[in-house]
Amino acid sequence: MTSPALTPDQLKALVRTVPDWPARGVQFRDITTLIADGDGLAATIAYLADRVDAADAQMVAGMEARGFIFGAAVAARLGLGFLPIRKPGKLPIETLGIDYALEYGADRLEIDPGAVTDGMRIALVDDLIATGGTACASAALLRKAGAMVETAHFVIDLPDLGGADRLRRDDIAVDALMAFDGE
Ligand SMILES: O=P(O)(O)OC[C@H]1O[C@H](OP(=O)(O)OP(=O)(O)O)[C@H](O)[C@@H]1O
Ligand SMILES: Nc1ncnc2[nH]cnc12
């Protein structure tokens, strides 16, 4: 695979930080500016694809909505299929779902169970891991469908929020292209 043209530090500089959005005290790490940059998008996909390739995954799963941007591009680059992990009520079939707790309230994720074959190695891809609620629920859902989920790959880690450690406690190896750590 050709080396990406931009370094992780240069990619980090393309992420826009919006203070106090969507709530006071939150530093929102916005990938809109990263993906609007052609070299930035290409390098981000190249980095993620190298890691998913090294994990020997048979399929890529991405979480709605931002995980679709990165996950589908990585899957296509590697010639793998892509499994969308959807917010509730979007799939026109009988789904397999999981309910999970958010900091305030609850949410649900759903997949097409027919897309997963027993024992298939599926790599998770998303733009960002914060508390890990979305990624842990996604891994549990894929495992419930019969998949093996051993790796998860993110563009951004917010280590202060503990999500990556939470995933590791579920026996999932985590990598991220960049971290915003107490910034
Ligand atoms: O680690 P967590 O605390 O679960 O947070 C991370 C999740 O939050 C964001 O998605 P969001 O639910 O905002 O949806 P979006 O991709 O549709 O914007 C992000 O894309 C991750 O999926
Ligand atoms: N701080 C943050 N920035 C962007 N997306 C997020 N999802 C959860 N926390 C986030």
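Residues numbered from 1 in each chain as written. Chains lettered and ligands numbered in written order. Predicted model: local features only at pLDDT ≥ 70, side-chain atom pairs only at ≥ 80, totals over all residues. Heavy atoms only, no water.

When you look at the pattern of salt bridges in this model, what are you seeing that I'm missing?
Side chains carrying opposite charge are able to pair once their charged atoms draw close together. Enumeration according to the criterion identifies 8 salt bridges in this entry. Its salt-bridge partner being D30, residue R16 comes within 2.7 Å of it at the nearest N-O pair. Placement of the pair is R16 in strand β1 (residues 16-19) and D30 in strand β2 (residues 27-30), with a sequence separation of 14 residues. For R16, a relative accessible area of 39% corresponds to the partly exposed category. A relative accessible area of 12% means that D30 is categorised as buried. (Salt bridge = Lys/Arg side-chain N within 4 Å of Asp/Glu carboxyl O. Helix = DSSP H or I, 4+ residues; strand = E, 2+ residues; numbered from the N terminus. Buried < 20%, exposed > 50% of the residue type's maximum accessible area, 1.4 Å probe, protein only.)

Any chance you could explain the packing of aromatic side chains here in plain terms?
Think of a pair of aromatic rings as described by two things: how far the centres are apart, and how the planes are tilted against each other in angle. Counting across every chain of the model gives 2 aromatic pairs. Note on W21 and F28: the rings are 4.9 Å apart at their centroids and 85° apart in plane angle, and the pair reads as edge-to-face. Relative accessible area serves as the criterion here: at 48%, W21 is assigned to the partly exposed category. Ring centres of F68 and F82 lie 5.9 Å apart, and the angle between their planes is 85°; this geometry places the pair in the edge-to-face category. In this pair, F68 sits in helix α4 (residues 66-78) while F82 sits in strand β4 (residues 81-85), placing the two residues 14 residues apart along the sequence. In this structure F82 comes out as partly exposed when scored by relative accessible area, which is 25%. (Phe/Tyr/Trp six-rings, centres within 6.5 Å; stacked < 30°, edge-to-face > 60°.)

Would you mind showing me how to read the nonpolar core here?
Taken as a class, soluble globular proteins show a tendency for nonpolar side chains to be buried jointly. Counting residues in each nonpolar core, the largest one holds 29 residues, and the members touching the most others are L83, I85, I111, I122, L124, L142 and L167. For this core, the elements supplying multiple residues, two or more each, are β3 (59-63), β4, β5 (96-101), β6 (106-111), β7 (122-129), α5 (133-144), β8 (151-157) and α6 (163-169). Sort the elements by how many residues they give to this core and α5 lands first, with 6 residues. Contacts of L83, omitting those with residues within four sequence positions, involve M59, V60, A61, G62, I111, D112, A115, V116, I122 and L142. One finds Y47, A49, A123 and V155 within the second-largest nonpolar core, a separate group that totals 26 residues. (Core = buried A, V, L, I, M, F, W, Y, C linked by side-chain atoms within 4.5 Å. Contact = heavy atoms within 4.5 Å.)

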